[in-house]
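Structural characterization, general
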Amino acid sequence: MTDHSIGRRDFMKKAAMGTAAVLIQPTSRALGANDRVRVGMIGVGGRGQDLLKQVLPLPNAQLVAIADTYTRRRDEARQMAPGIQTLDDHRRLLDLKDIDAVIVASPLHLHCRHFLDTLAAGKDLYCEKTMTWSIPEAEQCLAAAKNSSQVVQIGLQHESSGALADARKWLQQGIVGKITMVESWMSRNTPHGVGQWVRPVPSDCNAQNLSWPAFLNGRHDRPCDPYKFINWRLFWEFSGGNITENMVHQIAWIMTALDLPVPLAAYMSGGVYSEKDGREVPDTITVTLDFPNDLVVTWRSTFSNSHYGLGEHFLGSDGTLEHIADVTDMVTGRSASSIRYYPEKANRPGGTALTGEATNQNHMANFIDCVRSRKKPNAPVEIGYRSAVAAHMANIAYRQKQRVTLEMAKAASQG
Ligand SMILES: NC(=O)c1ccc[n+]([C@@H]2O[C@H](COP(=O)([O-])OP(=O)(O)OC[C@H]3O[C@@H](n4cnc5c(N)ncnc54)[C@H](O)[C@@H]3O)[C@@H](O)[C@H]2O)c1
C-alpha cells in the first residue's frame with residue numbers, strides 16, 4: 001500500500017496523535033562555515049518557480065533537487081536550474097540526506113502534509129502561505145514546529161518589509177494613540193471575459209503526466225480533473241479563495257504590527273459577483289474581525305475594480321498610519337509602496353507628518369541566513385498560525401452566513 005491510499009483524515013489523526021513528532025529526525029548534517037545551504041523544493045508551479053529564481057542567486061544557498069507530481073513542471077524546473085535532481089514524489093526528495101532545507105510551494109490543501117513530512121525528515125522549512133488549509137491543520141503544524149528544532153519561515157514576505165519596521169517603530173513610540181479600527185483593502189481587475197486567476201490547462205495535463213492521487217492526498221477519489229488540478233484556487237476543497245491567497249498577507253502584517261492574538265470573532269459577506277465561471281470562492285468580500293482590547297479590523301476586496309490598489313489604515317486617537325501599495329506589490333514583495341504617519345490635530349496639534357525610511361529585507365535570504373544561524377526568521381510559525389486561523393475564521397463565517405467566534409470556528413472545522 002502506498003501512502004497515497006492513506007486517507008487524509010487518517011493521516012491527520014496520526015499527525016495529531018504525535019506520530020509526526022515521534023518521527024522527527026535530527027538535521028541531516030551540520031553546516032560548516034563555508035558550506036552552502038542545500039535546498040530542495042516541493043511544488044514548482046507558478047509560485048515555486050518565482051521562489052526558485054529567488055534562491056538561485058543567493059551565494060550561500062544551492063538548489064539541489066525539486067519534487068513535483070507533474071512532468072511539465074519538472075521539465076520547466078530542469079531548464080531553469082540545469083543539473084538539479086527532479087523527482088515525482090516529495091517523499092523521495094525528503095529521503096535525500098544531504099538536503100538541509102525545503103521550500104514548499106504546493107497547492108494550499110497539501111501544505112500541511114508537506115509541512116509535517118518536511119519537519120519529520122529533519123529539514124528546515126520555508127512553507128508558502130497560507131500555512132494550512134484548515135484550523136486543525138494549523139494546530140498540528142504549530143505543534144510539530146514547536147516540538148522540533150527546525151527553522152520554519154512562512155511565505156508571508158511582507159513580514160520582511162521596511163514598512164512593517166517603520167509601523168512598529170511609530171506604534172512603540174506611542175504617537176498613534178489608541179487604535180480602535182484598522183481598515184484594509186485589496187482590489188484587482190481583469191479585462192471583460194478574462195477571469196481573475198483562471199489559468200489555461202496545458203494539453204499534456206492528464207493522468208499520464210501527473211499523479212492525481214498525490215494531488216488529492218486522501219480527498220474523495222474520482223477521475224483525474226485537469227481543470228481543478230490547474231485551477232485548484234477556485235474550489236473550496238483545495239483553496240480558501242482570496243482570503244487565503246491575499247487577505248492573509250495583510251492580516252499577518254497588521255497582526256505583527258499590533259502584536260495581535262487570533263481574533264475573537266469573524267464575519268464575512270460577499271459572493272461570486274463578478275467571476276461567473278463556475279468557481280466556488282467569492283470574488284467580492286468584506287471581512288470584519290473582532291480582536292481583544294477594543295479593536296475591529298476590516299478587509300474588503302473586489303476583482304472588478306482596481307482603482308484603490310491595496311493598503312491598510314490604522315486609525316488611532318493621536319494619529320493615522322497609512323500603508324498603501326500597488327496591486328502587484330503584494331505578490332512580488334517589492335515596495336513601491338509607502339508608509340506614512342499623520343498626526344491627529346485633536347490630540348497632537350504640534351505633531352508632524354512622517355514618511356517611512358526602513359529598507360526591505362529579502363525574505364528568502366532571511367530564511368537561508370536563519371538556517372545557518374538557527375535564529376528565528378521574520379515570519380515564524382506563530383504568525384503563520386495566527387494569520388491562518390484568522391483567515392479560516394473569516395471563510396467559515398462566510399460559508400455559515402453568520403458571525404463566528406473562535407470556538408464556533410474550531411467546532412465547525414472538526415465536523
Ligand atoms: N507568497 C506569495 O506572494 C504567493 C504568491 C503566489 C502563490 N503563493 C502560494 O504558493 C502556493 C502555490 O501556488 P501556485 O500558484 O504556484 O500553484 P500552482 O498550481 O501553479 O503550483 C503548484 C505546484 O504543485 C504541484 N503539485 C501538486 N500536487 C503535488 C504533490 N502532491 N506533490 C508535489 N507537487 C505537487 C503542481 O504540479 C504545481 O506545479 C499556494 O499556496 C499559493 O497560495 C504565494
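This text follows the structure it describes.
Residues numbered from 1 in each chain as written. Predicted model: local features only at pLDDT ≥ 70, side-chain atom pairs only at ≥ 80, totals over all residues. Heavy atoms only, no water.

Section: the overall build of the protein chain
When helices and strands are tallied, the protein chain shows 15 helices and 15 strands. Against the 2.2 N^0.38 benchmark of 22 Å for 415 residues, the protein chain shows a C-alpha radius of gyration of 21 Å, consistent with a compact globule. The dimensions of the protein chain, computed from C-alpha atoms along their principal axes, are 70 × 55 × 45 Å. In the protein chain, which comprises 415 residues, the share counted as buried stands at 56%. Sequence-distant contacts, at least 24 apart, represent 71% of the contacts inside the protein chain between residues at least 6 apart. In the form shown here, the protein chain has an accessible surface area of approximately 17500 Å², with 51% of it arising from carbon and sulfur atoms. (Helix = DSSP H or I, 4+ residues; strand = E, 2+ residues; numbered from the N terminus. Rg over C-alpha atoms; globule rule 2.2 N^0.38 Å. Buried < 20%, exposed > 50% of the residue type's maximum accessible area, 1.4 Å probe, protein only. Contact = heavy atoms within 4.5 Å. Areas by Shrake-Rupley, 256 points an atom, 1.4 Å probe, with all protein chains shown as cover.)

Focus on the environment of Asn 362
The residue Asn 362 is located in the loop between strand E14 (354–355) and helix H13 (363–373) in this model. A C-alpha to C-alpha distance of 21 Å links Asn 362 and Leu 310, two positions 52 residues apart in sequence. Of the polar contacts made by the side chain of Asn 362, one reaches the backbone nitrogen of Met 364; its length is 3.0 Å. Side-chain polar atoms of Asn 362 contact the backbone nitrogen of Ala 365, separated by 2.9 Å. (Polar contact = N/O pair within 3.5 Å; in protein donor to acceptor, adjacent residues only side chain to side chain.)

Brief notes about the pairing of strand E4 (residues 101–104)
Of the two faces of E4, the one carrying Ala 101 and Ile 103 and the one carrying Val 102 and Val 104 are both buried. Note that strand E1 (residues 37–42) and E4 share 4 bridges and pair parallel. Looking across to E4, one finds that Ile 42 is bridged to Val 104. In this sheet, strand E5 (residues 124–128) lies alongside E4 in parallel orientation, the contact comprising 4 bridges. Across the sheet, residue Val 104 finds its bridge partner in E5, namely Cys 127. Once the chain exits E4 it traverses helix H6 (residues 111–120) before rejoining the sheet at E5, and the crossover so formed is right-handed. (Pairing = 2+ DSSP bridges. Right-handed = clockwise from strand over helix to strand, strands pointing away.)

Describing the pattern of salt bridges
Taken as a whole and assessed by the stated rule, the structure comprises 22 salt bridges. Close ionic contact of Lys 410 with Glu 139 constitutes a salt bridge, the shortest N to O distance being 3.2 Å. In this pair, Lys 410 is assigned in helix H15 (residues 406–414) and Glu 139 in helix H7 (residues 135–146), connecting sequence segments 271 residues apart. Note on Lys 410: relative accessible area 31%, which makes it partly exposed. Overall, Glu 139 belongs to the partly exposed group, its relative accessible area being 28%. Residues participating in the shared-partner salt-bridge network are Asp 89, Arg 91, Arg 92 and Asp 95. (Salt bridge = Lys/Arg side-chain N within 4 Å of Asp/Glu carboxyl O.)

Notes on the site of the ligand
Residues in contact with the ligand amount to 30 residues; listed here are only the nearest, Arg 47, Asp 68, Arg 199, Trp 232 and Arg 233. Within the side chain of His 111, an N or O atom sits 2.9 Å from an oxygen atom of the ligand. A distance of 2.8 Å separates an oxygen atom of the ligand from a polar atom in the side chain of Trp 232. Taken by itself the ligand offers 850 Å² of open surface, and the protein chains cover 94% of this. (Near = heavy atom within 4 Å.)

Description of the packing of aromatic side chains
On inspection of all chains with the given rule, the structure shows 10 aromatic pairs. For the ring pair Trp 236 and Tyr 398, a centre distance of 6.2 Å and an interplane angle of 40° mean the geometry is tilted. One end of the pair, Trp 236, is in the loop between helix H10 (226–230) and helix H11 (241–258); the other, Tyr 398, is in helix H14 (residues 381–400), with 162 residues separating them in the sequence. The residues Trp 236 and Tyr 398 share a single accessibility class, namely buried. Chaining the aromatic ring pairs together yields one cluster made of Tyr 70, Trp 212, Phe 215, Phe 229 and Phe 238. Positioned over the ring face of Trp 133 is Arg 219, at 4.4 Å from the centre of the ring. A cation over a ring is seen here: Lys 401 above Tyr 398, with NZ or CZ 5.6 Å from the ring centre. (Phe/Tyr/Trp six-rings, centres within 6.5 Å; stacked < 30°, edge-to-face > 60°. Lys NZ or Arg CZ within 6 Å of the ring centre and 35° of its normal.)

Brief notes about the side chain of His 111
Inspection of the secondary structure assignment puts His 111 in helix H6. By relative accessible area, His 111 is classed as buried at 2%. Of note is the side chain of His 111, whose polar atom sits 2.8 Å from the backbone oxygen of Ser 106.

A closer look at the nonpolar core
Core analysis: the largest hydrophobic core is formed by 98 residues, its most contacted members being Leu 93, Phe 115, Met 131, Ile 243, Val 287, Leu 289 and Phe 314. The element contributing the most residues to this core is H14, with 12 residues. Among all residues touching Val 287, those that are not within four sequence positions of it are Ile 243, Met 247, Tyr 267, Met 268, Val 297, Thr 298, Trp 299 and Ala 394. In this structure, Leu 51, Ile 66, Met 364 and Cys 370 belong to the second largest nonpolar core, which totals 25 residues. (Core = buried A, V, L, I, M, F, W, Y, C linked by side-chain atoms within 4.5 Å.)

Some points on the environment of Pro 261
Mapped onto the elements, Pro 261 comes out in the loop between H11 and strand E8 (265–271). By relative accessible area, which is 38% here, Pro 261 ends up partly exposed. Each C-alpha atom, one on Pro 261 and one on Gly 271, is 28 Å from the other, the two residues being 10 residues apart in sequence. Beyond its immediate stretch of four places on either side in the chain, Pro 261 contacts Met 255, Phe 291, Pro 292 and Arg 386.

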